[in-house]
Amino acid sequence: MSPKSPASPTGPAHPTDPAGPKKHHPAPTRRLTTAQALVAFLARQYTERDGRRQRLISATWGIFGHGNVAGIGQALVEAGHGGNGTAHRMPYLQGRNEQAMVHAAVGYARQSGRLSAQAVTTSIGPGATNLVTGAALATINRLPVLLLPGDTFATRPADPVLQQLEVPYAGDVSVNDCLRPVSRYFDRITRPEALIPAALQAMRVLADPAGTGAVTLALPQDVQAEAYDWPEEFFAERDWHIRRPAPDTYELETAVRAIRSARRPLIVAGGGVRHSAAEETLAAFTAATRIPVASTQAGKGALRHDHPADVGGIGHTGTATANELARTADLVIGVGTRFSDFTTASGTLFSNPAVRFLHLNITAFDAHKLAALPLVADARAGLEALTAALAGRGYRVDPAYETEYTGAKEAWEERVEASFATPDATARPTQTQVLGLLDDLVTEEDILINAAGSLPGDLHKLWRTRSRDQYHVEYGYSCMGYEIPAAIGVLLANGTGRRTRPVWALVGDGTYLMNPTEIVTAVQENLPLKLLILQNHGYASIGGLSEAVGAERFGTAYRHRDADGGFTGPPLPVDLAANAASLGLRVLRATTVDDLRKALSEARDAEGPTCVYVETETPDTVSGPPPAQAWWDVPVAETASRPAAVKAREEYDRQVAARRRHL
């Protein structure tokens, strides 16, 4: 990284210079408030990777209160009109909920390949603490977002001020300190000049492919409005190069030996494949080796669904094909994955006694998980190096192994077809039939966004991904309420012309009720959001889990209380379609399979924000999705009086006995 403008003049001439001593000219400065300087600085930051250059901070989301309106708010007014002597504008985006603004920025960053991000500004107090959930989601998913919460007065002219948290043992703590554990970098700017090193560090972290996530600069409200003479060089354009570190020679040779000795290798592709834009490189590696590829939620789409080596999702929500291969694999090659408990089936999936792990990851912390042989490198650079190193050594899996997994893939596809089938066009559709109708409609242009509930499991098992970025399921934090604002971020990243790519936000009723506020933003910006609401009157995913662990679906249904105090009465008379319409959406109601088919098609062609609403049938009465193909550890009560919990504990003890630590 370096400024693109020339360096400032050097010191005075050497005493022996025949021209004599030169008059010292102080470096030029610009008098701005701290907030004005920060916005002007952000507007001049760029990332570069593989010759492609783009703004690092493309826009700022904001909700204003007394903690940021006179500082960042005033600065954005000037920056939005090319103020402060610059043509570098900072676009402003108006949100309705602070958490949702972060989700939108995260959706934008993911769709931008982590090469461009957005900032989010809030007031102090609840506006700042509302950022915490979004910040955790960003950091867990390794996605960049810049948070600019207002803070209490640095000079403390009045103590306490409105919305200030008083901590008796520490005068320098505010509610913004809640953001420390969920941020990859945190600083509080208590003096204007402190912004210079902090802002540079913030950009470094945002542009770091191994260390990115949420970055927080807490801004005391008095410091935001304080003026300072800023060195002009602070505002020079800067390019932050996104590096592609190559693997270490020793680690590469160790990895090649491990692959060449493997008889049943399996690749687990994670989100790092997408972040590195390594999909074509992965396809070339599998073409040379014929090693099958399973995918995590973040990695789904690393290969198209119809690629011969793609065996589908892995883990608790994965396919039978991928999970059976995992159980017998003697070498598991992770590429850009965190190996979460859903991927490993809580340590029960990779059950071959001889299994070893090789992990290609840009982050050393992840590369060493499961006692793996580490290959610390960028995913694309690492796969290129592995392909080249194996090319002259004649490695390829046994043809019988290839025949085995391609046959199992075909058998699983038959189960997908059965789940998607809609034999009765006049019936109410099941959730999987809804996905089947959408599957019939979309092309490689469409993008599906989801995060929580039962949909991620169905999508991971069944969805036929057609492009590298079609499958956008946030499952690192699995945050209800992510989908609608994230779809807005994706639409902004793609451009908002008439021919923008179709972007679908898939939500259940529970998720919708969590965070529908950004519908108003989509309407305000006339973004062609396609919202699909599936009404099933409760938390379907947790209801199923509750039943499995002996909690008898307690507290998971949206129904009236019954005479015994439970919630088994009629469904609540909540009309989510009417609610969406009241927020400005055009709503298409569908009752039957045939209605839904027509509504989805109409929504896909719509140029403005549109909602499709459907009440789904439960899979108890019609064909539903295949059950989980691997276990997930949710502890069950060790002692209980109710038979459901006792039975669930017996099953838990049976499953947990298969868990192993890979050492």
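Check the entry above for the structure.
From a predicted model like this one, the values you see are computed outputs, not experimental measurements.

For the rest of this paragraph, the subject is the overall build of the chain. In terms of helices and strands, the chain carries 24 helices and 24 strands. In terms of overall size, the chain behaves like a compact globule, its C-alpha atoms giving a radius of gyration of 27 Å where 663 residues would be expected to give roughly 26 Å. When its C-alpha atoms are laid out on the principal axes, the chain stretches across 90 × 70 × 55 Å. A total of 663 residues make up the chain; the buried ones form 56% of that total. If you average the places of the 65 positive and of the 71 negative side-chain charges in the chain, the two averages end up 4 Å apart.

Moving on: the sheet that holds strand 21 (residues 503–508). In space, the six strands of this open sheet follow the order 20-19-21-22-24-23, with parallel pairing throughout. With one partner strand each, in any of the chains shown, strand 20 (471–473) and strand 23 (586–590) form the two edges of the open sheet. On average, adjacent strands in this sheet sit at an angle of 20 degrees to one another, irrespective of strand direction. Across five bridges, the pairing between strand 23 and strand 24 (residues 610–615) is parallel. If you follow Ala590 over to strand 24, its bridge partner there is Val614. Sheet strands touched by helix 17 (residues 455–462): strand 19 (447–450), strand 20, strand 21 and strand 22 (529–535). Its angle to strand 20, the strand with the most contacts, is close to 150 degrees. The sheet strands contacting helix 18 (residues 483–494) are strand 19, strand 20, strand 21 and strand 22, and the helix crosses strand 21 at an angle near 175 degrees.

The next subject is the packing of aromatic side chains. In this description, an aromatic ring pair is defined by two values, namely the gap between the centres and the angle between the planes. Within this structure, the stated rule accounts for 13 aromatic pairs. Arranged with centres 5.9 Å apart and planes meeting at 20 degrees, the rings of Trp230 and Phe234 form a pair that is stacked. The burial state of Trp230 is the same as that of Phe234; both residues are buried. Among the aromatic residues, those joined into a cluster by ring pairs are Phe41, Tyr228, Trp230, Phe234 and Phe235. Across from the ring centre of Tyr46, 3.7 Å away, lies the NZ or CZ of Arg53, which sits over that ring. A cation over an aromatic ring shows up here: Lys300 above the ring of Tyr471, its NZ or CZ 5.5 Å from the ring centre.

Between its first and last C-alpha atoms helix 15 (residues 399–420) spans 32 Å; for 22 residues at 1.5 Å apiece the expected length is 32 Å, and the two agree. Those residues of helix 15 that sit buried are Tyr401, Glu402, Tyr405, Trp412, Val416, Ser419 and Phe420. Buried residues of helix 15 fall within an arc of 95 degrees about the axis and therefore sit on the same side. Opposite the buried face of helix 15, at more than 90 degrees from it, the exposed residues are Pro399, Ala400, Thr403, Glu410 and Glu414. Buried-residue contacts for helix 15 involve strand 13 (265–269), strand 15 (310–313), helix 11 (320–328), helix 16 (431–441) and helix 17. Measuring from the side-chain oxygen of the N-cap residue of helix 15 to the backbone nitrogen of Ala400 gives 2.7 Å; that N-cap residue is Asp398.

Let us now look at the environment of Arg597. If you trace the backbone, Arg597 turns up in helix 23 (residues 593–605). Not counting residues up to four positions away in its chain, the partners in contact with Arg597 are Thr422 and Leu437.

Quick look at the side chain of Arg649 now. Position of Arg649 relative to the elements: it lies in helix 24 (residues 643–656). For Arg649, a relative accessible area of 17% corresponds to the buried category. When sequence neighbours within four positions are dropped, the list of residues in contact with Arg649 reads Val636, Ala637 and Glu638.

For Thr212, the position within the fold is in the loop between helix 6 (195–206) and strand 10 (214–220). What makes Thr212 buried here is its relative accessible area of 2%. A polar contact of 3.0 Å, which involves the side chain of Thr212, links it to the backbone oxygen of Leu206. Excluding residues that lie within four positions of it along the chain, Thr212 makes contacts with Arg114, Arg142, Leu143, Pro144, Arg184, Val205 and Leu206.

Strand order in the open sheet formed by six strands is 15-14-13-16-17-18, and the pairing between neighbours is parallel. Two strands close off the open sheet at either side, each with one partner strand: strand 15 and strand 18 (373–376). The mean inter-strand angle of the sheet, taken between neighbouring strand axes irrespective of direction, is 20 degrees. Pairing of strand 14 (residues 293–295) with strand 15 involves three bridges; the strand directions are parallel. Bridging across to strand 15, Val293 finds its partner in Asp310. Contacting strand 16 (331–335), strand 17 (356–361) and strand 18, helix 8 (residues 249–261) crosses the sheet at an angle of about 130 degrees to strand 18.

Contact pair helix 1 (residues 34–42) / helix 2 (residues 69–79): the axes reach a minimum separation of 8 Å and the direction vectors enclose 50 degrees. It follows from the interaxial angle that helix 1 and helix 2 lie oblique. As helix 1 runs across helix 2, the sense of the crossing is right-handed. Residues Ala35, Gln36, Leu38 and Val39 of helix 1 form the contact with helix 2, whose own contacting residues are Gly71, Ile72, Gln74, Ala75, Leu76, Glu78 and Ala79. When its residues are assigned to classes, the contact of helix 1 with helix 2 shows seven nonpolar, three polar and one charged.

Attention shifts here to a nonpolar patch on the surface. Residues Phe64, Val69 and Tyr92 make up a contiguous nonpolar surface patch of about 250 Å² in total accessible area. Structurally, Val69 can be placed in helix 2. Judged by relative accessible area, which is 45%, Val69 ranks as partly exposed.

The element helix 1 is extensively covered by neighbouring structure, given that nine of its nine residues are classed as buried. Every buried residue of helix 1 is accounted for by Thr34, Ala35, Gln36, Ala37, Leu38, Val39, Ala40, Phe41 and Leu42.

Turning our attention to empty space enclosed by the protein. Scanning all chains against the criterion turns up four cavities of 30 Å³ or more. Roughly 70 Å³ of volume is contained in the largest cavity. In terms of lining residues, the largest cavity is bounded by Arg49, Gly113, Arg114, Leu115, Leu206, Ala207, Asp208, Pro209, Thr212, Ile242 and His275. In the lining of the largest cavity, the residues fall into five nonpolar, three polar and three charged.

We now examine the pattern of salt bridges. Per the counting criterion, the structure on display carries 39 salt bridges. Linking Glu324 and Arg327 is a salt bridge whose minimum nitrogen-to-oxygen distance equals 2.7 Å. Pair noted here: Glu324 and Arg327 are both in helix 11, with a separation of three residues, about one helical turn. Residue classification places Glu324 among the partly exposed positions, given a relative accessible area of 45%. What makes Arg327 partly exposed here is its relative accessible area of 24%. A single salt-bridge network, built from bridges that share partners, covers Arg49, Asp50, Arg244, Asp378 and Arg380.

The rules behind the values
Residues numbered from 1 in each chain as written. Predicted model: local features only at pLDDT ≥ 70, side-chain atom pairs only at ≥ 80, totals over all residues. Heavy atoms only, no water. Helix = DSSP H or I, 4+ residues; strand = E, 2+ residues; numbered from the N terminus. Rg over C-alpha atoms; globule rule 2.2 N^0.38 Å. Buried < 20%, exposed > 50% of the residue type's maximum accessible area, 1.4 Å probe, protein only. Lys, Arg positive; Asp, Glu negative; His and termini not counted. Charge placed at Lys NZ, Arg CZ, Asp CG, Glu CD. Pairing = 2+ DSSP bridges. Axes fitted to C-alpha atoms, helices over the stretch in contact; angles between N-to-C directions. Contact = heavy atoms within 4.5 Å. Phe/Tyr/Trp six-rings, centres within 6.5 Å; stacked < 30°, edge-to-face > 60°. Lys NZ or Arg CZ within 6 Å of the ring centre and 35° of its normal. Expected span 1.5 Å × (residues − 1). Arc of directions from axis to C-beta. Polar contact = N/O pair within 3.5 Å; in protein donor to acceptor, adjacent residues only side chain to side chain. Parallel < 35°, antiparallel > 145°, perpendicular 65-115°, else oblique. Left-handed = near helix turned anticlockwise from the far one by under 90°. Nonpolar A, V, L, I, M, F, W, Y, C, P; charged D, E, K, R; others polar. Patch = residues over 30% accessible without salt bridge, like charges linked within 9 Å, V, L, I, M, F, W, Y side chains within 5 Å. Areas by Shrake-Rupley, 256 points an atom, 1.4 Å probe, with all protein chains shown as cover. Salt bridge = Lys/Arg side-chain N within 4 Å of Asp/Glu carboxyl O. 1 Å grid on protein atoms, 1.4 Å probe; cavity = no way out; pocket = protein on both sides within 12 Å on 5 of 7 lines; lining within 4 Å. Points joined across faces, edges and corners; volume = space filled by probe spheres on them.

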